[in-house]
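Examining the three-dimensional arrangement
Each chain, written out:
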Amino acid sequence: MNNFKSAIRTCIIFLIVLTILSAAIMSAFFIGENYYYQDSRERAELSGTLDFFVCGASHAMRGFRPDILDQELGVNSYNLSCSRQTMQGRYELLNLELNRNPAKTVVLELSYDSMTRNRDEEGPEGDIYMLGKLGGFMPRIKYFFSAIRPKEYGRMYYNYIDNGVNCIKKIIHGTWTNKNTKLEKGYAAYKRDDDELNQDLKKIYHTRSFEETVYEPNVEYLNKIIALCKEKNVQLILVTTPLSKVTVCRYDNLDTFKEWYENVANENGLQYYDFNLIRDKEEKLPDSSAFSDKFHLGNKGAGTFTKMFTDVLNKEAAGEDTSALFYGSYSELESHMTLDK
Amino acid sequence: MEELLEILNDINPDVDYSKEKNLIDGKVYDSFSIITLVSNISEEFDIEIGPEYLVPENFNSAEAMWKMIQKIQEDED
Amino acid sequence: MDLLTLGFLLFCIVLVIVYYLVPKAMQWWILLAASLYFYAMSGIKNMIYVLITALSTYAATRMIQSLTDRQKEWIKANKKTTSKEERAAYKAHIQAKRRAILVAALLLNFGILCTFKYLHFLIAQVNTVISSFGASPINDTLKLIIPLGISFYTFQTMGYLVDVYWNKYPAEKNFGRVLLFVSFFPQMTQGPISNYKDLTTELFKEHTFTYHHFSWGAQRMFWGFFKKMVVANVLSAYVQDVFANYASYSGITTLIGAFMYSVQIYADFSGYMDMMCGFCEVLDIRLTENFERPYFSKSIAEYWRRWHSSLGAWFKTYIYYPMAMVKWNQKLGRWAKQKLGKTFGQTVPASVALVVVWLTTGLWHGASWAYIAWGGVNGIFIIVSLWMETVYASWKQKLGINEASWGWRAFQTIRTFILVTFIKVLPEVGTLSDGFGLWKQIFTNHTIPRSFHALLPFVDKKMPLLAVMIGTILIFVTSLIQRRQPIRQWLEDHTNYAVRVLIFAVLFIVIVYFGYPASGNGGGFMYEQF
């Protein structure tokens, strides 16, 4: 018995020491430059004053500029998006923010992978960021146990240790700050780093398809978001952000996703806009200057796009028919598109 | 017994075979010496030392080897 | 089942708890259940081969044993009433039966092993011959997935079969025990290859939980994880790069790559051994050691007594000695003594046996000419040093070399390490000509790299390299300490409990930090393919 007790005692002491050491290493990350923890603190400070939210994954994080939203729409907006955001993540954030802010409008970004994003293939990336964005200890613990699977615990532990070590390296080099200057009310600009935007459009035309198998949990959470907004009396607008011309040409099934979201919008009496189909997209958002890579807008493009978006909203509010501003489908778009650069 | 000691001294004369009890376990004889030893013993005593006899207990001392030789000679009867 | 997962960790914890809770007589049943479960998780279809081996060995050993017993009784009963010739004839008759059963069981089990390992290789060789006659080659479309650990458990089990044939001990009557001996999971993937007596003594004794075994076992497992996940996995990426691109790297870079390979494979294989032996220590089971500071060896022969020593022991017992003592070899030896003089002549049976041992060792490691050549090269070194022993002794005397001096021993160790590295790397680059190409690059390319990147072009980030260097130094230092006492004993003598807990907590974090990303390309274990 003594042997067994000693063994248990050693295990417990070891785990305690390990926890303390790990926490020490990770602490630099939690209190430091990490985007998402900063973001959480910023939102906590603004809580009670925000009335307009954008919620989505990286397309929205790079695409919607809150400063332009504020200016053009006269609101106090925040961009809740983050990379690899899951539908569950979107729901949880909206739930948090709608309960502590006088929200009037929510823009939900939905694109080709929002419904098909599959946990088994994608891993816990988006949820790692979510853990940062949520506020408070208990919500994080709750989210951790609801979203993260046991087989991912090792990966999560590694992720936090890695981030912690990186921060410690920065501290040693004197480049550590605890103020992240990249985020502006949730929006993060993307530097142009992908010159795969120079493609022969004729060669790549309709050569690939996006995955179409829907992952059921995503649908569940989408419905939860719709129900939540209804309950809070919040106007929900569904939006697909613009993709580069290279992407629109290459993938042949973007109409599938557009139709899905149109159905959702029709069934729930919501507005849906697919900004790939806005008539002046090619003119205003050319690949060469508006996009940072095949799927994300760059800083300049985000500015232009946000203005285009607010123009549509303002026209809608003024009673104009905005559907004339858009093509009806991708087939229609392509019939008006040239494949010469 | 004398023929056995002759064979042993031929392979490794530096050992006191009346006292040494750890020829194999103590690595005094390496695998090559063992093979030479076994082939010389089988030639000298006209016996076949099967692999089942190749255990350290039978070769750790001159005494043990002599006992083994006698047993094989008996068994072949 | 992938060893480096939460699932396996859970499996181990549950096993340890249940194992110590059940009555001591039932402990081995738990081990058997765990082993079968482990193997089933790795591919239930392949369990059939384990079962075939266990069943055929059980049947063969029991039949051989009953023949042996029958012979003893008959001789005892009829000693007075029969002549010597009659008894000899009876013995020969029984012996023929025993041998037939042995041969059948060996053919079956080695046949299965060889089919899985060597079929593709054989077909390729046959095709080379066929196409040189202008005929069309055999179509080799059969995709054989080698059952986990087949080389290890087949050898281990066949050793038991041969031991029973040699009357070393009686056959086991309990099939469950035989099955556990065949399938004991810590040894499944990469050995060690134990002999029946040693392993079963450990498996079937009564096991008591002691804090000492738990603590030492856990420490050893940590150390093994560190070697494998930090040192071996990180080096694996570098080494793969050198093997693929040596033609465009300088000789020095390629040489560094070769030395890294030596460190990598030691860390990988001995790390796995530490993990498994450590885990077994927690279970109060002692496994045979496979490594004894092999790179401190002073000769190639010694190296092979210290590297993968359980395989060497198996080959010594079941191939080397039998081959050396077989009649025709002994006759050859006597002829050689007459014709070529005593000193050289008496090395002949051993040399013949060594050739067989080394070619089969090479073949065991891989089904390719490169591995056979590798085995042959090792064999040549050992045989030549056997022949030259007396010559070397007289040279050393003439040159006044003091064999016990520190300088001479250091020279021998370094020389052996360099030789071993070159030999080891030969079959690993790709084909045999790739291996020679790598050697050539080391010797003929004299470019001096002028920058860090030119010296080590495969290093992307500096921190993993630093970790590997520190890890290698740690391994070296602990090896030095281990010459006198186990490193865990040293820790107990020189540090206190708090420091030890801290060391292992830090080690854990280091393992996760460096090991997790590297495990993408280091994946499973290198010897797992055997």
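Just so you know, these numbers come straight off a predicted model, no measurement behind them.

What follows concerns the interface of chain B and chain C. On the side of chain C, 19 residues touch chain B, which itself brings 19 residues to the contact. Connecting chain B to chain C are two salt bridges. B:E48 is the partner of C:K327 in a salt bridge, and the nearest nitrogen-oxygen pair spans 3.4 Å. For the pair chain B and chain C, the interface holds two residue pairs in polar contact (both at pLDDT 80 or more). Looking at which element gives the most residues to the side of chain B that touches chain C, the answer is helix α2 (residues 31-45) of chain B, with ten residues. Classifying every residue of the side of chain B that touches chain C by side-chain character gives seven nonpolar, five polar and seven charged.

Residue and element names in this part refer to chain C. Taken as a whole, chain C is organised into domain 1 (29-205) and domain 2 (216-515). Centre-to-centre separation of domain 1 and domain 2, based on C-alpha positions: 29 Å. Here domain 1 packs against domain 2, burying approximately 2,300 Å² in sum over the two surfaces, 69% of which is carbon and sulfur. The interface formed by domain 1 and domain 2 contains one salt bridge. Measuring nitrogen to oxygen at the nearest pair gives 3.9 Å for the salt bridge that ties K205 to D284. Summed over the shared surface of domain 1 and domain 2, the result is twelve residue pairs in polar contact (both at pLDDT 80 or more). Mapped by element, the contributors of at least two residues to the side of domain 1 that touches domain 2 are α4 (84-132), α5 (150-165), α7 (185-188) and α8 (196-204). Examining the composition of the side of domain 1 that touches domain 2, we find that seven residues originate from one element, α5, more than from any other.

This brings us to the packing of aromatic side chains. All names here are of chain C. What the rule picks out here adds up to 86 aromatic pairs over all chains. Considering the side-chain rings of Y238 and F458, the 5.3 Å spacing of their centres and the 35° angle between planes classify their relative orientation as tilted. In this pair, Y238 sits in helix α9 (residues 211-245) while F458 sits in the loop between α20 (452-455) and α21 (462-482), placing the two residues 220 residues apart along the sequence. Judged by its relative accessible area of 5%, Y238 falls in the buried class. One aromatic cluster is present, formed by F259, Y266, F269, F291, Y295, Y303, W304, W307, W358, Y371, W374 and F417 through successive ring pairs.

Ranked by internal contacts, the top residues of the largest apolar core, which has 259 residues, are A:F309 and B:I41. Summarising the domain contributions, this core has at least three residues from each of domain 1 (29-205) and domain 2 (216-515) of chain C. Contacts of A:F309, omitting those with residues within four sequence positions, involve A:F52, A:F64, A:L69, A:V107, A:V239 and A:F275. With six residues, the next largest nonpolar core counts A:Y35, A:M61, A:L183 and A:A188 among its residues.

Quick look at the confidence of the model for chain C now. Residue and element names in this part refer to chain C. A residue-level look at chain C finds 97% of positions with pLDDT of 70 or above and a mean pLDDT of 89. Across chain C, helix α6 (residues 175-183) holds the top mean pLDDT of 95, while helix α14 (residues 342-345) sits lowest at 79. Throughout residues 521-526 the model reports pLDDT below 50, and contacts reaching past four residues in sequence, or to other chains, amount to 20 contacts. In the predicted complex, the global pTM is 0.84; the interface-specific ipTM is 0.87.

Under the definition given, this model contains four cavities of 30 Å³ or more. Of the pockets and cavities examined, the largest cavity occupies roughly 80 Å³. Lining the largest cavity are B:I35, B:T36, B:S39, B:E43, C:Q330, C:G333, C:R334, C:K337, C:G345, C:Q346 and C:P349. Listed by contribution, the elements that provide at least two residues to the lining of the largest cavity are α2 of chain B together with α13 (327-340) of chain C. In the lining of the largest cavity, the residues fall into two nonpolar, six polar and three charged. Looking at the second largest cavity, its volume works out to about 60 Å³. Forming the walls of the second largest cavity are A:S111, A:Y112, A:T240, A:L243, A:L254, A:F257, A:K258, A:Y261, A:Y272, A:D274, A:N276 and A:Y330. Counting only elements with at least two residues in the lining of the second largest cavity, the list comes to α13 (254-268) and β7 (271-274) of chain A. For the lining of the second largest cavity, the element with the most residues is α13(A), which contributes four residues. Classifying every residue of the lining of the second largest cavity by side-chain character gives seven nonpolar, three polar and two charged.

What counts as what
Residues numbered from 1 in each chain as written. Chains lettered and ligands numbered in written order. Predicted model: local features only at pLDDT ≥ 70, side-chain atom pairs only at ≥ 80, totals over all residues. Heavy atoms only, no water. Contact = heavy atoms within 4.5 Å. Salt bridge = Lys/Arg side-chain N within 4 Å of Asp/Glu carboxyl O. Polar contact = N/O pair within 3.5 Å; in protein donor to acceptor, adjacent residues only side chain to side chain. Helix = DSSP H or I, 4+ residues; strand = E, 2+ residues; numbered from the N terminus. Nonpolar A, V, L, I, M, F, W, Y, C, P; charged D, E, K, R; others polar. Domains from an automatic or database assignment. Buried area = accessible area lost by both parts, 1.4 Å probe. Phe/Tyr/Trp six-rings, centres within 6.5 Å; stacked < 30°, edge-to-face > 60°. Buried < 20%, exposed > 50% of the residue type's maximum accessible area, 1.4 Å probe, protein only. Core = buried A, V, L, I, M, F, W, Y, C linked by side-chain atoms within 4.5 Å. pLDDT = per-residue confidence, 0-100. 1 Å grid on protein atoms, 1.4 Å probe; cavity = no way out; pocket = protein on both sides within 12 Å on 5 of 7 lines; lining within 4 Å. Points joined across faces, edges and corners; volume = space filled by probe spheres on them.

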